[in-house]
Amino acid sequence: MADCSQAGSGRHSMDKSITLPPDEIFRNLENAKRFAIDIGGSLTKLAYYSTVQHKVAKVRSFDHTAKEVDGDPLYEISVQEEITARLHFIKFENAYIETCLDFIKDHLVNTETKVIKATGGGAYKFKELIEKKLKLKVDKEDEMSCLIKGCNFVLKNIPHEAFVYAKHADSEFRFQNTHPDIFPYLLINIGSGVSIVKVESEDKFERIGGSSIGGGTFWGLGALLTKTKRFDELLQLASRGQHTSVDMLVKDIYGGAYGSLGLTGDLIASSFGKSATTDKEFSKEDMAKSLLHMISNDIGQLACLYARLHNLTRVYFGGFFIRGHPVTMHTITYSINFFTKGEVQALFLRHEGYLGAIGAFLKGAEEDNPNQYSWGENYAGSSGLMSVSPDLNPMQRVRSGTFDMLEMDRLERQLVNLPLLQDPSSYIPDTVDLTEDALARQYWLYCFEEALDGVVNRAVASQPDLPQAVERAEKFRQKYLHKLQTLRHQPFAYGSLTVRSLLDTREHCLNEFNFPDPYSKIKQKENDVALRYFQKVVRSLEKLPWEQRQFALVKGLLAGNVFDWGAKAVSDVLESNPEFGFEEAKHQLQDRPWLIDCYDQWVERLKGPPHKCALFFVDNSGIDIILGVFPFVRELLCRGTEVVLASNSGPALNDVTNSELQILTERIAAMDSVIQAAIKEDRLTLVQSGSSSPCLDLR
């Protein structure tokens, strides 16, 4: 099961010629706390935990007991330092291991640990080197248990971790929604041989089968047949070959299909069957392709038999034989589809190469109990899944230069699916998958590039008194622009590409350069202005007959959402006459029926008994939340309905955050007896959504 794709290639000698940029690869090494390492035959995967100091925007209410002066801000904004936890995973060739260890030793300041957890076959080979360089004791962990632990971790924490590979589809990677309950599943680990593991829970797994015919067989026989010693070169040969030149097909025996047995004419009847009956030389490419099909079909059939025997439908494939190679993923996928008649899908993992390192790290970090938290992929510091299609670029096996990175940030609290979701496994929070819709993808990437100057300017304006704001904003621009260019060519890099993920990537990059809330001052201004008109809007609504009031409230919700910052026209309205702008927005709404129009059913329901409880996911600051949402909430409270307002835990664009909403609610309660009474009686509750994203995601 060792990762041995380049052994014998002449690159095992230690390479000391590289210079490592610490801000790009071994990030935050000075704050590293503990380490783990997974060393295969050609690749090393290093894991470490660090504490990251970054800026966060905090809001604090002013004391409003004294007489207010017109123009005084509602609350103050401060940028403070906060420490959070981050996991770093770095993958590089074994040729660079000594250079990397030297770099770590020179930059390690105050690690708390005296032990480094290690797994993989190479952990024995490099044990003395690691202990000598880092002055840490190597503690070897079981390879399979690390693999399973790592697999469980990524399936639970990364939404689009698993994918189906479809070679000839518009999008070759089709990402799967991870079921909230990831167990049970089958893991087929294809290294030198094959191990088939049934995983039933976090700590319960069993090797239920395997085979000696695996990646090592493909490599060994391939070397004998083609004289090619490198694994990747062998796959390159296979990608250019035609197996039908070497394999005997059903039609070669029967002249066509074997209908009574349901066998098509193009089906392989005998791998390498023509080599015994044809007096000719076969090309290296054709022999490599035939060999690849033979090994893959054998593994595929074995996997299907075990899946059926144990009644499992989730089957994940990993190991150095897979390692993101399109040609191996395609042959495995074809085999699984054939033997199960499409009932079972072959699933692959974006971070399959890190599983052992992640598992070893988790074993060393059990005292911190990392599984009690939720972790999110930090797009700003992660390389993402790169295309390695030999048809596109034969040299693209070298990912991210020489190094490949994954970073995961610890979230403040453990996240769970919204309990009200009928079927969390089928819930998709996005309307358009830009991975598959090329036209929409180009449109949105262009939009985000065009908006970049505005975001940079807002970032600088949000920190007028902080040093190097302009310089940091320019670094943000370059980083995010690079991400957009990567996604233009590799739209599947971070899973399914959506407008939400583009926004999340931008937020991650802003945070990376200490711009936690570029819209903070804009939101403050919006909220201050809108509050002045709250009572007037409520009074005008109360004068309306009941049915007219319900329609006006709904139009207020829709109109309020128009005030999503970004358009200059919105800015101009807030500068001149916010009340007029809000009324004008209501008049400008298209006539019913709307695109999604349940208004008649809603009004009919309101004529009945009050709802027990209403959960409201709020959006924008200012006019939206204050003049659109709160009057609507007030109406529900008057009917006797309890209301829960869910807002973002962290900042995103001009969306109101939970801390801002607390202050707004307090101020509105001081003006309005209905809101005040509802708070005192616990009929109006404010909760955090757990999100720092501009888009709603209930997973």
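As recorded in an unreviewed UniProt entry, the protein chain goes by the name 4'-phosphopantetheine phosphatase, listed as coming from Paramormyrops kingsleyae. Quoted verbatim from the Sequence similarities (unreviewed entry) heading of the UniProt record, the comment on the protein chain is "In the N-terminal section; belongs to the type II pantothenate kinase family." According to the UniProt record, the Subunit (unreviewed entry) comment for the protein chain reads "Homodimer. Interacts with PKM."

Backbone-to-backbone hydrogen bonds join strands into a sheet, with any given pair of strands oriented parallel or antiparallel. Sheet architecture is open: 7 strands sit in the order 7-6-14-13-8-9-10, paired in mixed fashion. Each of the sheet's edge strands pairs with one partner strand only, and the pair in question is strand 7 (173-175) and strand 10 (205-211). Averaged over all neighbouring strand pairs, the angle between strand axes comes to 35°, with direction disregarded. Here strand 6 (residues 162-165) pairs with strand 7 via 3 bridges, running antiparallel. Counted as the bridge partner of Tyr165 is Phe173 from strand 7.

With parallel pairing, 3 strands are arranged side by side in an open sheet as 17-18-19. Every other strand in the sheet has two partners, leaving strand 17 (613-617) and strand 19 (684-688) as the edge strands with one partner each. Pairwise comparison of adjacent strand axes, ignoring direction, gives a mean angle of 20° for this sheet. In this structure, strand 17 lies alongside strand 18 (residues 642-647), joined through 5 bridges in parallel fashion. For Ala614, the partnering residue across the bridge sits in strand 18 and is Val643.

Turning our eyes to something else, we now look at the pairing of strand 16 (residues 404-410). With 5 of its 7 residues buried, strand 16 lies for the most part within the structure. The pairing of strand 15 (residues 375-377) with strand 16 spans 3 bridges and is antiparallel. In the strand pairing of strand 16, Trp375 is matched with Arg410.

As a further point, take the packing of helix 8 (residues 284-309) against helix 9 (residues 326-340). Between helix 8 and helix 9, the least distance of the axes is 8 Å, while the angle of their chain directions is 45°. The orientation of helix 8 with respect to helix 9, classified from their angle, is oblique. Helix 9 is crossed by helix 8, and the crossing has right-handed handedness. On helix 9, the residues touching Leu292, His293, Ser296, Asn297, Ile299, Gly300, Gln301, Ala303, Cys304 and Arg308 of helix 8 are Val327, Thr328, Thr331, Ile332, Ser335, Ile336, Phe339 and Thr340. Grouping the constituent residues of the contact of helix 8 with helix 9 by class yields 8 nonpolar, 9 polar and 1 charged.

Within the secondary structure, Thr435 sits in the loop between strand 16 and helix 11 (438-450). Within the local environment of Thr435, its side chain forms a polar contact with the side chain of Asp433, the two groups lying 2.7 Å apart. At 2.7 Å, the side chain of Thr435 and the backbone nitrogen of Leu497 are in polar contact. Once residues within four sequence positions are removed from consideration, Thr435 is found in contact with Ser171, Phe173, Arg441, Pro491, Phe492, Gly495, Ser496 and Leu497.

Thresholds, definitions, all that
Every chain is numbered on its own, with residues counted from 1 as its sequence reads. A pLDDT threshold of at least 70 governs which residues receive local features in this predicted model, and a stricter bar of 80 or more applies before side-chain atom pairs are shown or counted, although totals over entire chains, interfaces and linings include all residues. The basis for every side-chain value is the complete set of non-hydrogen atoms in the structure, without hydrogens or water. UniProt positions are given in the numbering used here, feature names are shortened, and annotations may be inferred rather than shown by experiment. In short, DSSP must find at least two bridges between two strands for them to pair. Secondary structure elements are defined from DSSP: runs of H or I of at least 4 residues count as helices, runs of E of at least 2 residues count as strands, and each element is numbered from the N terminus. Here, axes are lines fitted to C-alpha atoms. For helices the fit covers the stretch in contact, and angles between N-to-C directions go from 0 to 180 degrees. Categorising residues by exposure relies on relative accessible area from a 1.4 Å probe, with only protein chains included: less than 20% of the type maximum marks a residue as buried, more than 50% marks it as exposed, and the intermediate range marks it as partly exposed. Any angle that is under 35 degrees is reported as roughly parallel, and any over 145 degrees as roughly antiparallel; angles of 65 to 115 degrees are reported as roughly perpendicular and all others as oblique. It is the rotation of the near helix from the far one that decides the hand of a crossing: anticlockwise by less than a right angle makes it left-handed, clockwise makes it right-handed. What makes two residues a contact is simply this: any of their non-hydrogen atoms within 4.5 Å. Basically, the charged four are Asp, Glu, Lys and Arg, the nonpolar ten are Ala, Val, Leu, Ile, Met, Phe, Trp, Tyr, Cys and Pro, and anything else, Gly included, counts as polar. In protein, a polar contact means a hydrogen-donor-capable atom and an acceptor-capable atom, both N or O and within 3.5 Å, with residues adjacent in sequence counting only if both atoms are side-chain atoms; elsewhere, any N or O pair within 3.5 Å suffices.

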